[in-house]
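# Summary of structural features
This is what each chain is made of:
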Amino acid sequence: MQERARKIRKNVVKMIARAGSGHPGGSLSIVDILCVLYFNEMRYDPKNPSWKARDRLILSKGHAAPALYATLAEAGFFPEQELLTLRKIGSRCQGHTTRMLPGVEVCSGSLGQGLSIANGMALSAKLDDIGSRIYAIVGDGESQEGQIWEAAMAAAHYRLDNITVFLDRNGLQIDGETEKIMALEPIADKWRSFGWHVVEIDGHNFDQIKSAIRESKIAKKPTLIIAHTIKGKGVSFMENAVEFHGKAPTLEEAEKAMMELEQ
Amino acid sequence: MKSTRDAYGETLVKIGKENRNVVVLDADLSESTRTKLFAREFPDRFFNFGVAEQNMIGTAAGFALSGKIPFASTFAIFASGRAWDQLRVSVSYSNAPVNVVASHGGVSVGEDGYTHHAIEDIALMRVLPNMTVMVPADAVETEKMLWSALEWKKPVYIRTGRQKVPIICDSCDFEIGKANVLRDGGDVAIIATGNMVAEAMKAADMLKEKGISALILNIHTIKPIDSDAIIKAARNTGCIITVEDHSIVGGLGSAVAEATAENYPVHVTRIGVPDVFSESGPGDSLLEKFGMTAGSIAQKCMEVRR
């Protein structure tokens, strides 16, 4: 798992450096969550991406697309070399996720929309009684969108215990710290008061991620896992550096990052 | 006389009986949109989202991407305006086959005033790639349209109305994207959509008494628009009047002007709400005020015909 996370992080840096633009910070912060989901938890078939009874991941924070793309390539949905076409004309690896790319469930990029879609999928899974579990990754800055709370209300109202949402709590958004731009705290209390089961973990600790997912499966409510993460995780000069929210590393920086990730 | 929203509610029950994959979503307006009829019949497949249109449309996308056939309803302006970005990204861009069936189109809604008059929805939906935009003229066309939408498997926006309208299309074929000539004529072409088709027919009767023959083209599908039918009407008459219960900016009139300008330029006069805010008042009086009744349409035809 450690190896895979390392490889995915390297691909993320490589892709964004090659593209010359992109969002490294919030991509690197969710790599460990994606690894547990795709290599330990979710049911899916890369040869048959539309298999009806699959588990699904909705990446609501669509700017973290490079992390999802690199994970899907690692999972065998498409050839790894396609990652290097990120943000180029004609590429299936668009700047923000699109359904063109096998394994991607929905287009995203305009923030705040993913949880509603996850709810629709969770309701469908219940109607069809196919036992699919729906996962979503929501950004903390993204949680300032009103639609997130509309969807949070609806998931509790319809008792969607087949939904597990990760809140990528890295504390930063484009303009700075979330608590300075528009405070979210007490975020756990907010979700609890909306009727959710809330767990808080270290979002870079595989065991904690796994056990939080286990817990979400037995909860009788929708579950929010507040994953405390480090934006830019794994690359020293990107960690907690707000400027790397939406800036590509230079080739020199990328090289340095690759060296760090090798170790 | 029957409103297209009533036809929607009744047809939805028939569709729900036929197809177990149909689910219906509403945002606290199920009485007004008539989805209540479905809710009563199939409570397990009806989902109310409260006053939260953006979440409703997003959830509909999730249903559609899981193989369900969602029909999502609220007032036309809240669906198309409030949830526009959700329709843009979650629905159109994702090519999620969601059927948005939005009631209360146009100023004919009446007393609630501008905030509740959808006079921009056709423009807002028409600009989205992947989106099919339809407006039924009467109850019969509504029913045919809904059955077609069920098989269409693409994002669809259908606008229904609150006002009761006469049945005009009982003997018409219905095919998405294919306009119907309801009456042939050579002096002027009146191209209309939705509740305005009935007014156009009345206008044609008035013109006939004056010896003017008007061609009536019913555009039930505004996107993809039937350019061939429009160009043919332009060739046959050399003069087009468009009529819609919508702003003259961006709606049917604009779509017709685009089709003619690029292919067979003729004079196009747009009848609809001018570029202003509408207001409260009885629906009929508002149509009168904005020159959208049969008398005004006939008058305009006499002024501009060749």
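As shown above, the structure is provided for reference.
## With respect to the overall build of chain B
- Secondary structure assignment for chain B yields 13 helices and 14 strands.
- Relative to a compact globule of 306 residues, whose C-alpha radius of gyration would be 19 Å, chain B shows 18 Å and is just as compact.
- Considering only C-alpha atoms, chain B reaches an extent of 55 × 40 × 35 Å along its principal axes.
- The buried share among the 306 residues of chain B stands at 63%.
- In chain B, the share of contacts with a sequence separation of at least 24, taken over all contacts with a separation of at least 6, comes to 78%.
- Counting every atom, chain B has about 11100 Å² of accessible surface; 48% of that belongs to carbon and sulfur.
- Averaging the positions of the 32 positive and the 37 negative side-chain charges in chain B gives two centres separated by 2 Å.

## Here's the deal with the nonpolar core
- In this structure, A:Trp191 and A:Trp196 are the most contacted members of the largest nonpolar core, which totals 76 residues.
- Here this core spans two domains, since at least three of its residues come from each of domain 1 (2-165) and domain 2 (180-305) of chain B.
- If sequence neighbours within four positions are ignored, A:Trp196 has contacts with A:Leu115, A:Ala152, A:Ala155, A:Ala156, A:Ile163, A:Val165, A:Trp191, A:Lys221, A:Pro222, A:Thr223 and A:Leu224.
- Within the second largest apolar cluster, 56 residues are counted, among which are A:Ala17, A:Ile201, A:Phe206 and A:Ala248.

## Section: the sheet that holds strand S12 (residues 221-223) of chain B
All names here are of chain B.
- Reading across the sheet, the seven strands line up as S3-S2-S4-S5-S7-S6-S12 and stay open at both edges, with mixed pairing between neighbours. Each of the sheet's edge strands pairs with one partner strand only, and the pair in question is strand S3 (46-48) and S12. On average, adjacent strands in this sheet sit at an angle of 20° to one another, irrespective of strand direction.
- In the sheet, strand S2 (residues 22-26) pairs with strand S4 (residues 69-73) via five bridges, with the strands oriented parallel. In the strand pairing of S4, Val24 is matched with Phe71.
- Along the sheet, helix H4 (residues 53-64) contacts S2, S3, S4 and strand S5 (99-102); its crossing angle with S4, the most-contacted strand, is approximately 170°.

## Some words on unusual backbone geometry
- Residues A:Glu185 and A:Pro186 are joined by a peptide bond in cis, for which omega reads 0°.
- By the secondary structure assignment, A:Pro186 is in the loop between helix H7 (178-181) and helix H8 (187-193).
- The omega torsion of the bond from B:Lys223 to B:Pro224 falls at -5°, within 30 degrees of zero and hence cis.
- Here A:Asp129, not a glycine, exhibits a phi torsion of approximately 50°, which is positive.
- With respect to the helices and strands, the residue A:Asp129 is situated in the loop between helix H5 (114-128) and strand S2 (134-139).
- A relative accessible area of 69% places A:Asp129 in the exposed class.
- Despite not being glycine, B:Arg34 has its phi angle at roughly 80°, a positive value.
- Mapped onto the secondary structure, B:Arg34 falls in the loop between helix H2 (30-33) and helix H3 (36-41).
- Look at B:Arg34 and you get buried, because its relative accessible area is 19%.

## Quick look at the pattern of salt bridges
- By the definition in use, this model includes 30 salt bridges over all chains.
- For A:Asp128, the salt bridge is made with A:Lys52, and the minimal N-O distance between the two is 3.1 Å. Of the two residues, A:Asp128 is situated in helix H5 and A:Lys52 in the loop between helix H3 (31-41) and strand S1 (56-59); the sequence distance between them amounts to 76 residues.
- A relative accessible area of 39% means that A:Lys52 is categorised as partly exposed.
- With a shortest N-O distance of 3.0 Å, B:Lys14 and B:Glu143 are connected by a salt bridge. One end of the pair, B:Lys14, is in helix H1 (residues 4-18); the other, B:Glu143, is in helix H8 (residues 139-152), with 129 residues separating them in the sequence.
- Judged by its relative accessible area of 42%, B:Lys14 falls in the partly exposed class.

## Examining the layout of surface pockets
- Its volume calculated, the largest pocket comes out at about 310 Å³.
- Along its surface, the largest pocket is lined by 15 residues, and A:Pro49, A:Ser50, A:Arg54, A:Arg99 and A:Glu105 are the ones closest to its centre.

## Topic: the sheet that holds strand S14 (residues 267-273) of chain B
All names here are of chain B.
- With mixed pairing, the five strands of this open sheet are ordered in space as S9-S11-S10-S13-S14. What marks the edges here is a single partner per strand, and that holds for strand S9 (180-183) and S14. Put simply, the sheet's adjacent strands are angled 25° from each other on average, direction ignored.
- Where strand S10 (residues 188-192) meets strand S13 (residues 239-247), four bridges bridge the pair, whose relative direction is parallel. Counted as the bridge partner of Ala192 is Val243 from S13.
- Each of S10, S13 and S14 is contacted by helix H13 (residues 294-304), which is oriented at about 145° to S13, the strand it contacts most.

Parameters and conventions
Residues numbered from 1 in each chain as written. Chains lettered and ligands numbered in written order. Predicted model: local features only at pLDDT ≥ 70, side-chain atom pairs only at ≥ 80, totals over all residues. Heavy atoms only, no water. Helix = DSSP H or I, 4+ residues; strand = E, 2+ residues; numbered from the N terminus. Rg over C-alpha atoms; globule rule 2.2 N^0.38 Å. Buried < 20%, exposed > 50% of the residue type's maximum accessible area, 1.4 Å probe, protein only. Contact = heavy atoms within 4.5 Å. Areas by Shrake-Rupley, 256 points an atom, 1.4 Å probe, with all protein chains shown as cover. Lys, Arg positive; Asp, Glu negative; His and termini not counted. Charge placed at Lys NZ, Arg CZ, Asp CG, Glu CD. Core = buried A, V, L, I, M, F, W, Y, C linked by side-chain atoms within 4.5 Å. Domains from an automatic or database assignment. Pairing = 2+ DSSP bridges. Axes fitted to C-alpha atoms, helices over the stretch in contact; angles between N-to-C directions. Salt bridge = Lys/Arg side-chain N within 4 Å of Asp/Glu carboxyl O. 1 Å grid on protein atoms, 1.4 Å probe; cavity = no way out; pocket = protein on both sides within 12 Å on 5 of 7 lines; lining within 4 Å. Points joined across faces, edges and corners; volume = space filled by probe spheres on them.

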